[in-house]
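So you can see what is in the structure, the chains are spelled out below.
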Amino acid sequence: MFMESSETLKTEEQDQNSSEPVSPPPQRASRHDGLWETVRSLLIVLIGVFCIRTFVAEATVIPTGSMEDTILIGDHVFLNKLLYGPQLPYTDLRFPRLVPIHRGDIVAFHYPVNPSLMFVKRVIGVGGDVIRIVNKKVYVNGKRLKEPYAHFESSAIFPLRDNFPPPVQEISELPAAWGLNPDWARELPRYIHKDGLHVPKGHLFVMGDNRDDSLDSRFWGFVPVQNVVGEPLFVYWSYKAPTHDWTDDRLSDRLKFDVSILWNFIGRTRWSRMGKIF
């Protein structure tokens, strides 16, 4: 009797154990979940890059020699945009400017004549300043500027470029071939007084350091302060190539130039300029 009862109890326990629910083995993440994680990661990276480029810093290349010898043709620089009140994309709203713009600052700005273009120049005068150039020498508010950065390619003296502002009665006689913008030629007399050119409030008078080869405020006018987007921080790469290679928009020429960069990368990279801080 006792042995039969023990066996009966064992059988009942086995039946109870076998009747307990068994949890299914963990399933692997589906292929759909893995794809979504990849897409989500890419979106986060893209949004981060977009925010940094829009609000913090932007990379750009200098295609002309108007700022030589401070900035060379082919210098690739990072622009600091955060301190200059970056603009919200597709709106007219801007963050507050954190720093004022001073004389002597190098700034990047939207070209007033064609805002789709980005220019880099040095600030010579701010709102309220009086500008006069006499035989290549720059005077601000009656005092000559000390400009160790200024570069001159020749000693020849030309009106408008080297003596500015020109006499009002001579403006209409200046040849357009010298680069004088027609709209600026009509507005220029409004700002000319006996002591020089008066810079209006909220505007900048800018010039390139390469004074003999720079289209700047002498030729097309003032820069509205709101056009300024940043200042160059440092050179992260510099490649020796002429202006036309950087500015040519034809696809065949662009591809040819890109191939030449790959082929001549080591030889034409200006290694000594990498990391140069402005």
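That block above? That's the structure.
Everything quoted here is computed from the prediction, not taken from an experiment.

### Remarks on the overall build of the protein chain
In terms of regular secondary structure, the protein chain is built from six helices and 12 strands. Here the protein chain holds 278 residues, and 36% of them are scored as buried. Within the protein chain, counting contacts between residues at least 6 apart in sequence, those at least 24 apart form 64% of the total. Counting only carbon and sulfur atoms, one obtains 60% of the accessible surface of the protein chain, whose full area is about 17,600 Å².

### A word on the sheet that holds strand β8 (residues 192-193)
What the five strands build is an open sheet, ordered β7-β6-β5-β9-β8; its pairing is antiparallel. Looking at strand neighbours, the two that pair on one side only are β7 (143-144) and β8, the edges of this open sheet. Bridge count between strand β5 (residues 130-134) and strand β9 (residues 196-198): two bridges; the pairing is antiparallel. Counterpart to isoleucine 131 in the pairing with β9 is leucine 197.

### Concerning the packing of aromatic side chains
A complete count under the given rule lists 18 aromatic pairs for this structure. Relative to tryptophan 220, the ring of tyrosine 111 lies with its centre 5.2 Å away and its plane at 75 degrees, an arrangement referred to as edge-to-face. Separated by 109 residues along the polypeptide, tyrosine 111 in the loop between β3 (106-110) and β4 (118-125) and tryptophan 220 in helix α4 (residues 217-220) bring together distant segments of the chain. The pair formed by tyrosine 111 and tryptophan 220 is uniform in burial state, with each residue classed as buried. Above the face of the tyrosine 149 ring, arginine 122 is positioned so that its terminal group lies 3.6 Å from the ring centre.

### Description of a nonpolar patch on the surface
Where nonpolar side chains cluster on the molecular surface, the patch consists of Leu233, Phe234, Tyr236 and Ile277 and spans about 350 Å² of accessible area. Mapping tyrosine 236 onto the fold places it in strand β12 (residues 228-238).

### Looking at the pattern of salt bridges
Considering all chains together, one arrives at 13 salt bridges under this definition. Here aspartate 75 ties to arginine 273 by a salt bridge, and the two come within 2.7 Å at their closest N and O atoms. Within this pair, whereas aspartate 75 is found in strand β2 (residues 75-80), its partner arginine 273 is found in the segment after α6 (251-268), the two being separated by 198 residues in sequence. On the basis of relative accessibility, which here comes to 12%, the residue arginine 273 falls in the buried class. Via salt bridges that share partners, Lys136, Arg161, Asp162 and Asp212 belong to a single interconnected network.

### A word on the environment of valine 61
Positionally, valine 61 belongs in strand β1 (residues 57-61). A relative accessible area of 27% means that valine 61 is categorised as partly exposed. Taking the C-alpha atoms as reference points, valine 61 and tryptophan 246, 185 residues apart in sequence, are found 8.4 Å from one another. Excluding anything up to four places from it in sequence, valine 61 contacts Gly74, Asp75, His76 and Trp246.

### Thoughts on the environment of tyrosine 111
Residue tyrosine 111 is classed as buried on the basis of its relative accessible area of 13%. Tyrosine 111 sits 117 residues away from valine 228 along the chain, and the two C-alpha atoms are 9.3 Å apart. The residues contacting tyrosine 111, other than those within four sequence positions of it, are Leu117, Phe119 and Trp220.

### Considerations on the pairing of strand β6 (residues 137-140)
Only one face of β6 is covered, namely the one carrying Val138 and Val140; the face carrying Lys137 and Tyr139 has none of its residues buried. By the bridge criterion, four bridges tie β5 to β6 in an arrangement that is antiparallel. Looking at the pairing, arginine 132 lines up with tyrosine 139 of β6. Pairing analysis gives two bridges linking β6 to β7, with the strands arranged antiparallel. Note that in β7 the partner of tyrosine 139 across the bridge is arginine 144. Hairpin connection between β6 and β7: a loop of two residues separates the two successive antiparallel strands, and asparagine 141 in this loop has a positive phi of roughly 55 degrees.

### As for the pairing of β3
The buried fraction of β3 amounts to four of the five residues, a majority that puts the element mostly inside the structure. Sheet analysis places β3 next to β4, joined by five bridges and oriented antiparallel. Within the sheet, the bridge partner assigned to alanine 108 lies in β4 and is valine 120.

### Notes on unusual backbone geometry
With an omega of 5 degrees, the peptide bond running from glutamate 68 to aspartate 69 counts as cis. Along the chain, the position of aspartate 69 falls in the loop between β1 and β2. Residues phenylalanine 164 and proline 165 are joined by a peptide bond in cis, for which omega reads -5 degrees. If you trace the backbone, proline 165 turns up in the loop between β7 and α3 (182-187).

How each quantity is defined
Residues numbered from 1 in each chain as written. Predicted model: local features only at pLDDT ≥ 70, side-chain atom pairs only at ≥ 80, totals over all residues. Heavy atoms only, no water. Helix = DSSP H or I, 4+ residues; strand = E, 2+ residues; numbered from the N terminus. Buried < 20%, exposed > 50% of the residue type's maximum accessible area, 1.4 Å probe, protein only. Contact = heavy atoms within 4.5 Å. Areas by Shrake-Rupley, 256 points an atom, 1.4 Å probe, with all protein chains shown as cover. Pairing = 2+ DSSP bridges. Phe/Tyr/Trp six-rings, centres within 6.5 Å; stacked < 30°, edge-to-face > 60°. Lys NZ or Arg CZ within 6 Å of the ring centre and 35° of its normal. Patch = residues over 30% accessible without salt bridge, like charges linked within 9 Å, V, L, I, M, F, W, Y side chains within 5 Å. Salt bridge = Lys/Arg side-chain N within 4 Å of Asp/Glu carboxyl O.

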